[in-house]
Amino acid sequence: MNAVAEIRDLRVEVDGRALVDGVSLRVTAGKVTALVGASGSGKTTTGLALLGEYPAGARVTGEVRLPGGPAGYVPQHPGTALNPARRVGALLRDIARTRVRALPRRERRAAAHQRVLRALSLAQLPDPEAVLRRYPHQLSGGQQQRVVLAQALLLGARLVVADEPTTGQDALTKQRIVDRFAAVARQGIAVVLLSHDLDVVRALADEVLVLRDGRVVESGPVDRLWPAPRRLRTAEPPATDGPAELPAVHGPADRTGLPGAGREVLRVGGLTARHGRTTVLRTSALTLRAGECLAVVGRSGSGKTTLARCLAGLHRGHDGELLLDGAPLPRSLRDRTRAQLAAVQYVFQDARAAFDEHRPVLAQVARTAVRLRGAAEADALAEAVSTVTGLGLTERQVRRRPAQLSGGELQRAALTRALLARPRVLICDEITSGLDTVTRRGILDTLAGLLRDRRGLSLVLITHDLGTAAALATRIAVLDGGEVVEEGPARRVLTSPEHPFTASLLETSTRMT
Amino acid sequence: MTGLASWTARRLLLGAAQTAAVVLLVFALTEALPGDAAVALAGDQPDPERIAAVRKALDLDRPAHERLLEWAGGLLHGDFGTSLASGRPVSTYLTGGFGPTLLLASLTLVLLVPAGVGLGVLAARHEGRFTDRLVSSVTLGVYAVPEFAFGVLLTTVFALRLGWLPPTAVGYGTDLLAHPSALVLPVLVLLSRPVCSLARLVRAGMIDALASPYVAQARRHGVTGARLRYGHALPNAIAPAAQQLARTVDWLLCGVIVVEALYVIPGLGTVLMNAVAERDVPVVQGLAVVFGVTAVVLNLGADLVVRRFAPRAEVAA
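Residues numbered from 1 in each chain as written. Chains lettered and ligands numbered in written order. Predicted model: local features only at pLDDT ≥ 70, side-chain atom pairs only at ≥ 80, totals over all residues.

J.: Would you mind going over the overall build of chain B with me for this structure?
T.: Each helix and strand counted, chain B has 14 helices and 0 strands in total. Evaluated residue by residue, chain B yields a buried proportion of 34% over its 317 residues. Partitioning the intrachain contacts of chain B with sequence separation of at least 6 by distance along the chain shows that 71% fall at a separation of at least 24. (Helix = DSSP H or I, 4+ residues; strand = E, 2+ residues; numbered from the N terminus. Buried ≥ 20, exposed ≤ 12 C-beta atoms within 10 Å, placed from the backbone. Contact = placed C-beta atoms within 7 Å.)

Quick look at the structure:
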């Protein structure tokens, strides 16, 4: 097999700290090589080295060779690599133009256009002519990813580096992304996959390198390393999502005994929510009981976040009636009393965006108690410290600013902030997506602990991932296209789904593992 | 595109309302000035009887709102009314003054856009290095000098000391194009500050755009040089510059009084000055209508450009 890229003993050092230390790697045509590791393990630095890009001020030693020519790059968020002010066709045309310089001048235009169309259809984009005329924001995330892939194909790249292509995607979408990259590899193009998603790695990769702290700790063909790479298995707990765990729904589900044992906390009458004139969500009555965890599961765009925002008073374009402990809850946040605000708390997906970057985390966390419960500043700080240490952070960490905390640490701080309001209902909106397996596991354990220790706290867990739901939920509501297609006790929904959509979600999440 | 059409229509309606408000305000302010056209016409010997006679002849003794309504009624038929001072139709004042102003504005604009954008891109390309520091400090310095001071300085050096250029446009009438040398200094003065603000805005936008992931992606795929800078980075830097440009053109078209006065150019600014001095209310109102419509149309144009180059904004709106 001919190598299209080779890295020998690469060491990248910034300010005396090695991001990557002694990594060697050989990529062959038509094969998928996966670099696996938690965030900060040096995956992205290695991947970018293949593109000849290094962090600012980096000291680089070792050798990176690309006998196969330039490499294409599919970033984690493909939308950021597309120019918001230009139609999709603009860059594709310019790339194609660099490839047809040999032709006579008058034939170039038509030849370039042909190449663009061919690349788009190789990237499995239907109706390429229409896509060319769109702006990036008019494309879905999947289409954006395929456009970026088409750019690489157009360049004639023999190597494509894909950075976390499946992060934050639901099971069905993940399956499609895996198929897409498998198709690329079948065309004889080498794929370097940077991922912390072991299911995807297993489904896609031929060779696996496990990285930790910038070093390769294990490597080999995927078959030899699985069921799970030894280093990952021994050092870290396995992923929570997987069919192996689906039937074994214990703990939370059994904790409340009979379904409906707790007192009713939150009740939503039939609810129709709109964005502008489009109806995005229609539900029948939903109830949340004390001590219960209701998981709202669905693909992106199914209306699950809208439902959560309606409950929290962040979206008032709906006509449903909300009852908290039997008393009506105003639709808008602005009309709710402090007690009502405290009772329903929201934790957002992007913890970093939910903190002010200029103030220490602890001060922001403690503020909830002062604002919503009228606690004294000193008491609030003391309570914040004790709660935050209970969730596995140290006081020293939270005295820093948000930039110095990792995504998982910030998410714990965000949870603490919500808990200081002493809420009855805690809404967690995709709070584990975008985190690596280990961190996700830790957060889910924390949530399970909260349900166990804090009597009277109910959880609304918004997630696209059935695995996450299975780990915590007492009841599951499945949303598709703005409708609740199925709702029931978690065990029943997971073991004998009634609606075909639930079944297909279960099936894909099984196949992915 | 129906969304765009209805948005444009709403903007135009709003613009009409804004223009009407401007006219009302200008009318009220002119009325509030001490004296009126009759006093101005009466000249150095203000004889109360003569003033009263003139006032009656000019219909100035009628209540203000009646005069305003009558004038507005005429406007609906395209009639701007007649000047109180000379009895000539207001439209002749407007067309006469518009020629020189438009000429100055277009010349300035033709030089302004390439110079401002070019300097901005040049500075952004060399961010933090000598070229950038030179461009940035010179533009900041020039921007700090007001037009009249810069105009006096240029006139002193190039017209009076060196004698290369005529100091004013006196004696050339409204046909300035036949005497290009008279235009050099006014255009330079008009250019001075807008070039600086435009260059600085483009520089800031370009620095962001050049550091963006999409420009990195284009670079990775072999798109380099001028095509990268002007084709892929610049469109993202255009939105703020377009709005600044609309303000500049508005300022140019509405007669830059200081520059016209300094170089004695018979443009709209000069017409406005004279009309206010003579309390010639219909001419002032006519100018207010022209200025209002110009401002509305230019800002609408700028917003359309911004929509084109920041298309995501329509999602949020």
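J.: What's the story with the confidence of the model for chain A in this structure? I'm lost.
T.: Interpretation of this model should avoid reading the predicted coordinates in detail wherever pLDDT is low. All names here are of chain A. Counting all residues, the mean pLDDT for chain A is 83, and 92% of those residues have values of 70 or more. Across chain A, the secondary-structure element scoring lowest on mean pLDDT is helix 10 (residues 252-255), at 42, and the one scoring highest is strand 17 (residues 344-347), at 93. Counting interchain partners and residues more than four positions distant, the pLDDT-below-50 stretch residues 233-260 has 50 contacts. (pLDDT = per-residue confidence, 0-100.)

J.: In this structure, what is going on with unusual backbone geometry? I would like to understand it.
T.: Glycine aside, a negative phi is what most residues show, and trans is what most peptide bonds show. All names here are of chain A. In this structure, E164 is a non-glycine residue whose phi angle is positive, near 45°. With respect to the helices and strands, E164 occurs in the loop between strand 6 (159-163) and helix 6 (171-186). Positive phi, normally seen in glycine, also occurs at R422, with a value near 50°. Its place among the elements puts R422 in the loop between helix 16 (407-419) and strand 18 (425-429). Looking at R422, the number of C-beta atoms within 10 Å reads 18, which means it is partly exposed.

J.: Where do I start with the interface of chain A and chain B in this structure?
T.: Bring the parts together and some accessible area is lost; that lost area is often taken as the interface size. Across the boundary between the two partners, chain A contributes 18 residues, which contact 18 residues of chain B. Split by residue class, the side of chain A that touches chain B holds 11 nonpolar, 5 polar and 2 charged. (Nonpolar A, V, L, I, M, F, W, Y, C, P; charged D, E, K, R; others polar.)

J.: I'm lost on the environment of L506 of chain A in this one. Help?
T.: Residue and element names in this part refer to chain A. Assignment of secondary structure puts L506 in helix 20 (residues 500-511). Each C-alpha atom, one on L506 and one on L172, is 9.7 Å from the other, the two residues being 334 residues apart in sequence. Filtering out sequence-adjacent residues up to four positions away, L506 remains in contact with L466, L494 and P497.

J.: Looking at this model, I keep getting lost on the pairing of strand 14 (residues 293-298) of chain A. Mind explaining?
T.: Residues in a regular strand project their side chains so that they alternate between the two faces of the sheet. Residues and elements named next belong to chain A. Among the 6 residues that make up strand 14, 6 are buried, leaving the element largely enclosed by the rest of the structure. Every second residue of strand 14 is oriented toward a common face, with C293, A295 and V297 on one face and L294, V296 and G298 on the other, all of them buried. In terms of strand pairing, strand 14 meets strand 19 (residues 458-463) through 5 bridges, oriented parallel. Its bridge partner lying in strand 19, L294 is registered against V460. Looking at chain direction, strand 14 and strand 20 (residues 475-480) are connected through 5 bridges and run parallel. Following the sheet pairing, V297 is matched in strand 20 by V478. (Pairing = 2+ DSSP bridges.)

J.: Looking at this structure, how should I read the sheet that holds strand 1 (residues 3-14) of chain A?
T.: Pairing between sheet strands relies on hydrogen bonds along the backbone, with the strands arranged either parallel or antiparallel. Residue and element names in this part refer to chain A. Ordered by their spatial adjacency, 3 strands build an open sheet running 2-1-4, and the pairing between neighbours is antiparallel. Two strands close off the open sheet at either side, each with one partner strand: strand 2 (17-28) and strand 4 (59-65). Averaged over all pairs of adjacent strands, the angle between strand axes in this sheet comes to 5°, irrespective of strand direction. Strand direction decides the pairing type here: strand 1 and strand 2, joined by 9 bridges, are antiparallel. (Axes fitted to C-alpha atoms, helices over the stretch in contact; angles between N-to-C directions.)

J.: Even after reading the chapter, I still don't get the packing of helix 5 (residues 90-125) of chain B against helix 13 (residues 281-309) of chain B, so can you show me in this structure?
T.: Two quantities define a packed helix pair, namely the angle between the axes and the distance from one axis to the other. Residues and elements named next belong to chain B. Orientation of helix 5 relative to helix 13, taken along the N-to-C sense of each, is 50°, at an axis distance of 9 Å. The angle between helix 5 and helix 13 falls in the class oblique. For the pair helix 5 and helix 13, the sense of crossing is right-handed. Note on element contacts: helix 13 touches helix 5 through P282, V283, G286 and V290, opposite V90, Y93 and L94. (Parallel < 35°, antiparallel > 145°, perpendicular 65-115°, else oblique. Left-handed = near helix turned anticlockwise from the far one by under 90°.)

J.: What's the story with the sheet that holds strand 7 (residues 190-195) of chain A in this structure? I'm lost.
T.: Residue and element names in this part refer to chain A. One open sheet holds the 6 strands; their spatial order is 5-6-7-3-8-9, and the pairing between them is mixed. The outermost strands of the open sheet, each flanked by one partner alone, are strand 5 (71-74) and strand 9 (215-221). Within the sheet, the average angular offset between the axes of one strand and its neighbour, ignoring direction, is 15°. Relative to strand 9, strand 8 (residues 207-212) runs antiparallel, the two being bridged by 6 bridges.

J.: Is there a simple way to explain the nonpolar core in this structure?
T.: Nonpolar side chains in soluble globular proteins generally cluster together in the buried interior. One finds A150, L159, V160, V191, V192 and L193 of chain A together with L287 of chain B to be the most contacted residues of the largest nonpolar core, which totals 142 residues. Here this core takes 16 residues from helix 8 (residues 181-210) of chain B, the largest share from any one element. If we ignore the near neighbours within four places in the chain, the residues touching L193 of chain A are V32, T33, A34, A162, V201, L204 and A205 of chain A. Judged by nonpolar contacts, the second largest core, of 80 residues, contains A308, A369, A414 and L466 of chain A. (Core = buried A, V, L, I, M, F, W, Y, C linked by C-beta atoms within 7 Å.)

J.: Just to check I follow, could you spell out helix 7 (residues 147-161) of chain B for this structure?
T.: Helical periodicity: at 3.6 residues per turn, an α-helix aligns residues three or four positions apart in one direction. Residue and element names in this part refer to chain B. The terminal C-alpha atoms of helix 7 lie 20 Å apart, and with 15 residues this matches the ideal 21 Å at 1.5 Å per residue to within 8%. In helix 7, a bend of some 30° at T155 exceeds every other bend along the element. Along helix 7, the residues classified as buried are F150, G151 and T155. On the buried face of helix 7, the contacting elements are helix 8 and helix 11 (257-263). G163, located one to two residues past helix 7, shows a positive phi value of around 70°. (Expected span 1.5 Å × (residues − 1). Bend = angle between axes of the 7 residues up to and from the residue.)

J.: What is the right way to read the environment of E260 of chain B from this model?
T.: Residues and elements named next belong to chain B. Relative to the assigned elements, E260 resides in helix 11. Overall, the presence of 24 C-beta atoms within 10 Å leaves E260 in the buried class. Between the alpha carbons of E260 and P186 there is a distance of 7.9 Å; along the sequence they are 74 residues apart.

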